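Structural overview
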Amino acid sequence: MKAEQIRQIQARKIKKIINYAYRNVPVIKRKFKDAGISPETIKTVDDVAKVPFTTKEDFARNYPFGLMAVKPEKVVRIHASSGTTGKPKVVYYTKKDIETWTRLMARLYDCAGVTNKDIVQNMYGYGLFTGGLGFHYGAERIGAMVVPAATGNTKRQIMLMKDFGTTVIACTPSYALYLCEAVKAEGLDPKKDLRLRIGLFGAEPWSEEARKKIQETFGLLAIDCYGMSELYGPGVACECPEQNGLHVWGDEFYIETINPETGEVLEEGKEGELVITMLNREAMPILRYRTRDLGRVIWEECECGRAHPRIMRIKGRSDDMLIIGGVNVFPSQIEHVLLQIPELAEFYQIVVTHDKLDRLNVQVELKPEVAQDKNYNLEKLKSNIESDLLSVLSIHANVELMQPGTLPRTEGKAKRVLDLRKKE
Ligand code: ADP
Ligand code: ZN
């Protein structure tokens, strides 16, 4: 599809879904009334800016089933978010929703270059979290051989990869980083003993350095996948092998960027909060969802030939951003620095405290060979890292070098920030 066609589909579908949501979800109808508008107000795509936002709070307020647009008997499945922020968000699907989502996931695999000849080991969590079943259904749909390994038991995961000749892994990037070391600890050569060629990584932000490390260790192509429970789950957007932005499926999602402070729609290509409308949802239509994720969207056709809009890499959530002594700090900036330092392992934690002033502490593990080297000048290493961090963050961070194996490990999303300041 050319960009023009995609925009036409959007214009047609968006009016339909706005009407549908207004008629079937009382909460949405009330929001329209409060804003003094009706579906008839929306004549062109530009009018979408008048539609009230849906927010994370709407999920909490209407927990668990208040956003349902169909009779409960039409719902065939529910999921709930992993709850990294606040209350879990419950989401519901009709048969048609599951079908649409499965098709989107099949597209994701195809876009990444996965085929029916691949053996896909799915190490996302199965259950209420959308990652497991989302990646599972999509892989079956393209006809790949699926190994529903789920999270946990790393030794067994590695054994399965080796014995089955797994060619594609799907998991969080933080777990993939962990696997880089774990495979070597099993006495295996990640390139020679395993046959991995593609990794599908998402559900949390990760840096280019993390990507480089995973790709170089396994000799695979690491593909960034973006999504969230509220919008089906994974499968909202993903990279192609060009690794140059994440294709958002424009016939299913209408994406805008807004100024998070004022809510005003930004020009195409400007960085802001991503706001997404689902164009096809049955059980739970979502209009103008404020994702809290920050990114930039462009509509240029990609080298791969796809004309769907692209998110040029998600910087992180606006609520992940730490304000330390008035300075904005994204955890991804810290990761970016740490992963470039050869003496450090990929396990770190950011701890923010307050005594008179805000203090930023970064705990990071040493590589085993560095930790064992009695003659290593750790003081110098510490001060070098501190000055690298200072040049990127513009504030001082106190670095604590930790012994290998002392920071918590994760099989799902990493919890890297501990904010111990008292909230007023
Ligand atoms: P929760 O909001 O409880 O974490 P989800 O599991 O639905 O629930 O998480 C979705 C969120 O995860 C997104 O809004 C985004 O912040 C983050 N996320 C998902 N995929 C990516 C990605 N590829 N890059 C950066 N962040 C991502
Ligand atoms: Zn592309």
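Conventions used here
- Residues numbered from 1 in each chain as written.
- Chains lettered and ligands numbered in written order.
- Predicted model: local features only at pLDDT ≥ 70, side-chain atom pairs only at ≥ 80, totals over all residues.
- Heavy atoms only, no water.
- Domains from an automatic or database assignment.
- Contact = heavy atoms within 4.5 Å.
- Buried area = accessible area lost by both parts, 1.4 Å probe.
- Salt bridge = Lys/Arg side-chain N within 4 Å of Asp/Glu carboxyl O.
- Helix = DSSP H or I, 4+ residues; strand = E, 2+ residues; numbered from the N terminus.
- Polar contact = N/O pair within 3.5 Å; in protein donor to acceptor, adjacent residues only side chain to side chain.
- Donors = N, O, S within 2.8 Å, 3.2 Å for Na, K, Ca; no water.
- Tetrahedral: all angles 85-135°; square planar, octahedral: opposite > 155°, others 65-115°.
- Buried < 20%, exposed > 50% of the residue type's maximum accessible area, 1.4 Å probe, protein only.
- Pairing = 2+ DSSP bridges.
- Axes fitted to C-alpha atoms, helices over the stretch in contact; angles between N-to-C directions.
- Left-handed = near helix turned anticlockwise from the far one by under 90°.
- Nonpolar A, V, L, I, M, F, W, Y, C, P; charged D, E, K, R; others polar.
- Phe/Tyr/Trp six-rings, centres within 6.5 Å; stacked < 30°, edge-to-face > 60°.
- Lys NZ or Arg CZ within 6 Å of the ring centre and 35° of its normal.

For the rest of this paragraph, the subject is the domain arrangement of the protein chain. Parsing the protein chain into structural domains produces domain 1 (1–316) and domain 2 (322–419). Domain 1 and domain 2 are separated by 30 Å when their C-alpha centres are compared. Of the residues lining the interface, 21 residues belong to domain 1; the matching set on domain 2 comes to 15 residues. For the pairing of domain 1 and domain 2, the buried interface totals around 1,600 Å² over both sides, and the portion due to carbon and sulfur atoms is 61%. Three residues, Tyr178, Glu209 and Lys315, lead the burial of domain 1 against domain 2; their summed loss comes to 28% of the area buried on that side. Applying the counting rule to domain 1 against domain 2 returns one salt bridge.

Time to look at the side chain of serine 207. As for its position among the elements, serine 207 is in the loop between β6 (198–202) and α8 (208–218). Within the local environment of serine 207, its side chain forms a polar contact with the side chain of glutamate 335, the two groups lying 2.9 Å apart. Here serine 207 is in contact with Arg313, Glu335, His336 and Leu339, once residues within four sequence places are set aside.

Bound to the zinc ion (ligand 2) on the protein side are Cys240 (SG), His247 (NE2), Cys302 (SG) and Cys304 (SG), at distances that span 2.1 to 2.3 Å. Around the zinc ion (ligand 2) sit four donor atoms, and with donor-metal-donor angles ranging over 103 to 113° the site reads as tetrahedral. Mapped onto the sequence, the residues coordinating the zinc ion (ligand 2) show the spacing C-x6-H-x54-C-x1-C. Of the two residues, cysteine 240 sits in the loop between β8 (233–238) and β9 (246–248) while cysteine 302 sits in the loop between β13 (297–298) and β14 (310–311), which places them 62 residues apart along the sequence. Each member of the pair cysteine 240 and cysteine 302 is classed as buried.

This part takes up the pairing of strand β7 (residues 221–228). Counting buried positions along β7 gives six out of eight residues, so the element sits mostly inside the fold. Inspection of the sheet shows β6 paired to β7 by five bridges, in the parallel sense. Along β7, the bridge assignment pairs leucine 200 with isoleucine 223. Strand direction decides the pairing type here: β7 and β8, joined by three bridges, are antiparallel. The residue of β8 that forms the bridge with methionine 228 is glycine 233.

A word on unusual backbone geometry. Residue proline 64 follows tyrosine 63 across a cis peptide bond; omega there is -5°. Of note, proline 64 is situated in the loop between α3 (56–61) and β1 (75–80). We note that lysine 356 has phi near 65°; this positive angle belongs to a residue other than glycine. Topologically, lysine 356 is positioned in the loop between β18 (344–355) and β19 (357–366).

A word on the packing of helix α7 (residues 173–185) against α8. Where α7 contacts α8, the two axes come as close as 10 Å, and the packing angle between them is 35°. Crossing handedness for the pair α7 and α8: left-handed. Residue-level contacts link Pro173, Ala176, Leu177, Leu179, Cys180, Glu181, Val183 and Lys184 of α7 to Ala210, Lys213, Ile214, Thr217 and Phe218 of α8. Split into classes, the residues belonging to the contact of α7 with α8 amount to nine nonpolar, one polar and three charged.

The description of an aromatic ring pair rests on the distance of the ring centres and on the angle between the ring planes. Under the definition given, this model contains ten aromatic pairs. Consider the rings of tyrosine 175 and tyrosine 178, whose centres lie 5.9 Å apart with planes at 50°: the pair is tilted. One end of the pair, tyrosine 175, and the other, tyrosine 178, are both in helix α7, three residues apart, so they sit about a helical turn from each other. For tyrosine 175, a relative accessible area of 1% puts it in the buried group. Cluster of aromatic residues (ring-pair linked, three or more members): Tyr109, Tyr124 and Phe135. We note arginine 290 situated over the ring of phenylalanine 53; from NZ or CZ to the ring centre the distance is 5.3 Å.

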